[in-house]
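So you can see what is in the structure, the chains are spelled out below.
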Amino acid sequence: MRLERIAKNFSDKIHFVCVYIKEAHPIDGSQAPSNLDDEVLFAQPTTTDARAEVAAACMLRFNFSFPMVLDNMKNEAEGKYFAMPERLYVIDSLGVIQWKCGIGPHFFDPNGFEKSIKDQITKLHPDLGE
Amino acid sequence: MTVELIEILENRINNISDEELKFRGWTRDGMRARYEHRLNADKNSPQPGDIAPDFSLEILNQTGARTGEMLSLSSLRGKPVGLIFGSYT
């Protein structure tokens, strides 16, 4: 998985955090045909425990190396970052947003994410170059 | 960029099959309206140059179990952060 590869390549210099948000295509919402094929079939969780269970299934399937945090049932982080259904941001060491992709899924941009990550590393470690 | 955004979304609307529309319960006009709504709403999202909005959320362990421990975004300052938002479905 592309994001996992990016994280593994740069995790010594960058914090990677996944924020697990509300389901994009629950079976009781806007189901996606690909989920049917992949048997990724979950209703929209209504409790923190239920959301964590689906997140766990996701983690076990993909075995991410980066930490995952669970958005609360007020969908606080998703709301602050307009993150639905998926989104990427790069934040610099001072806490300032340096890059974000467009709205997902069509403008979800792992290439831009990786480039911005590299730019941040170059700014902090100019001796490392490319 | 605005033209590219519109073109990609128009292509999606034009190229989606009738079968998928039926499966999802969508119409092409409905898709267009949803995209327009989302693009307009997104003008209020945090922009490059903004301080990243803080949050404090529960950490899941490597097997996805709840830990009861919290992680605040602001506690990560000192190193850049790659933030990934998503869900399983």
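Structure shown above.
Now for a description of the structure that goes with this document. These numbers were taken from a predicted model, which means no experiment stands behind them.

1. Here we look at the overall build of chain A
Point 1. Counting its regular elements, chain A contains 5 helices and 4 strands.
Point 2. For chain A, the α and β elements follow one another from N to C terminus as α-β-α-α-β-α-β-β-α.
Point 3. Projected onto its principal axes, the C-alpha coordinates of chain A cover approximately 50 × 30 × 25 Å.
Point 4. Looking at chain A residue by residue over its 130 residues, the buried ones come to 37%.
Point 5. Here the contacts in chain A between residues at least 6 apart in sequence split such that 47% fall between residues at least 24 apart.

2. Section: helix α1 (residues 2–10) of chain A
Point 1. All buried positions along α1(A) are accounted for by Leu3(A), Ile6(A) and Ala7(A). Within α1(A), the buried residues cover an arc of 95° as seen down the axis, which keeps them to one side. Exposed residues pointing more than 90 degrees away from the buried face of α1(A) are listed as Arg2(A) and Arg5(A).
Point 2. Tucked into the core, α1(A) has its buried residues touching β1 (15–20) and α5 (110–124) of chain A together with β3 (81–86) of chain B.

3. Section: unusual backbone geometry
Residues and elements named next belong to chain A.
Point 1. The residue after Met-84, namely Pro-85, is reached through a cis peptide bond having omega -10°.
Point 2. In this chain, Gly-104 is followed by Pro-105 through a cis amide linkage whose omega measures -5°.
Point 3. By the element assignment, Pro-105 lies in the loop between β4 (97–100) and α5.
Point 4. In this model, Glu-39 sits at a positive phi of 60°, which is unusual for a non-glycine residue.
Point 5. Mapped onto the fold, Glu-39 is located in the loop between α2 (33–38) and α3 (48–62).

4. A look at the nonpolar core
Point 1. Val19(A), Tyr20(A), Ala55(A), Met68(A), Leu60(B) and Leu83(B) are the most contacted members of the largest nonpolar core, which has 42 residues in total.
Point 2. Those elements giving two or more residues to this core turn out to be α1, β1, α3, β2 (68–70), α4 (76–81), β3 (87–91) and α5 of chain A together with β3 of chain B.
Point 3. The element best represented in this core is α3(A), accounting for 6 residues.
Point 4. Dropping the residues within four chain positions of it, Leu83(B) is found in contact with Val17(A), Val19(A), Leu88(A), Tyr89(A) and Ile91(A).

5. Focus on the sheet that holds β1(A)
Point 1. With mixed pairing, 7 strands are arranged side by side in an open sheet as β4(A)-β3(A)-β3(B)-β1(A)-β2(A)-β1(B)-β2(B). Of all strands in the sheet, those with a lone pairing partner are β4 of chain A together with β2 (66–72) of chain B, marking the two edges. Neighbouring strand axes in the sheet, compared pairwise and without regard to direction, differ in orientation by 30° on average.
Point 2. Judged from the 5 bridges that link them, β3(A) and β3(B) form a sheet pairing that is antiparallel. Residue pairing for β3(B): Val90(A) is matched across the bridge by Gly82(B).
Point 3. Contacting β1 and β2 of chain A together with β1 (56–60) and β2 of chain B, α3(A) runs over the sheet at an angle of about 160° to β2(A).

6. Some words on the environment of Ser30(A)
Point 1. Among the structural elements, Ser30(A) can be located in the loop between β1 and α2.
Point 2. With 14 residues separating them along the chain, Ser30(A) and Phe16(A) place their C-alpha atoms 29 Å apart.
Point 3. Beyond its immediate sequence surroundings of up to four residues, Ser30(A) is in contact with His25(A) and Arg24(B).

Thresholds, definitions, all that
Residues numbered from 1 in each chain as written. Chains lettered and ligands numbered in written order. Predicted model: local features only at pLDDT ≥ 70, side-chain atom pairs only at ≥ 80, totals over all residues. Helix = DSSP H or I, 4+ residues; strand = E, 2+ residues; numbered from the N terminus. Buried ≥ 20, exposed ≤ 12 C-beta atoms within 10 Å, placed from the backbone. Contact = placed C-beta atoms within 7 Å. Arc of directions from axis to C-beta. Core = buried A, V, L, I, M, F, W, Y, C linked by C-beta atoms within 7 Å. Pairing = 2+ DSSP bridges. Axes fitted to C-alpha atoms, helices over the stretch in contact; angles between N-to-C directions.

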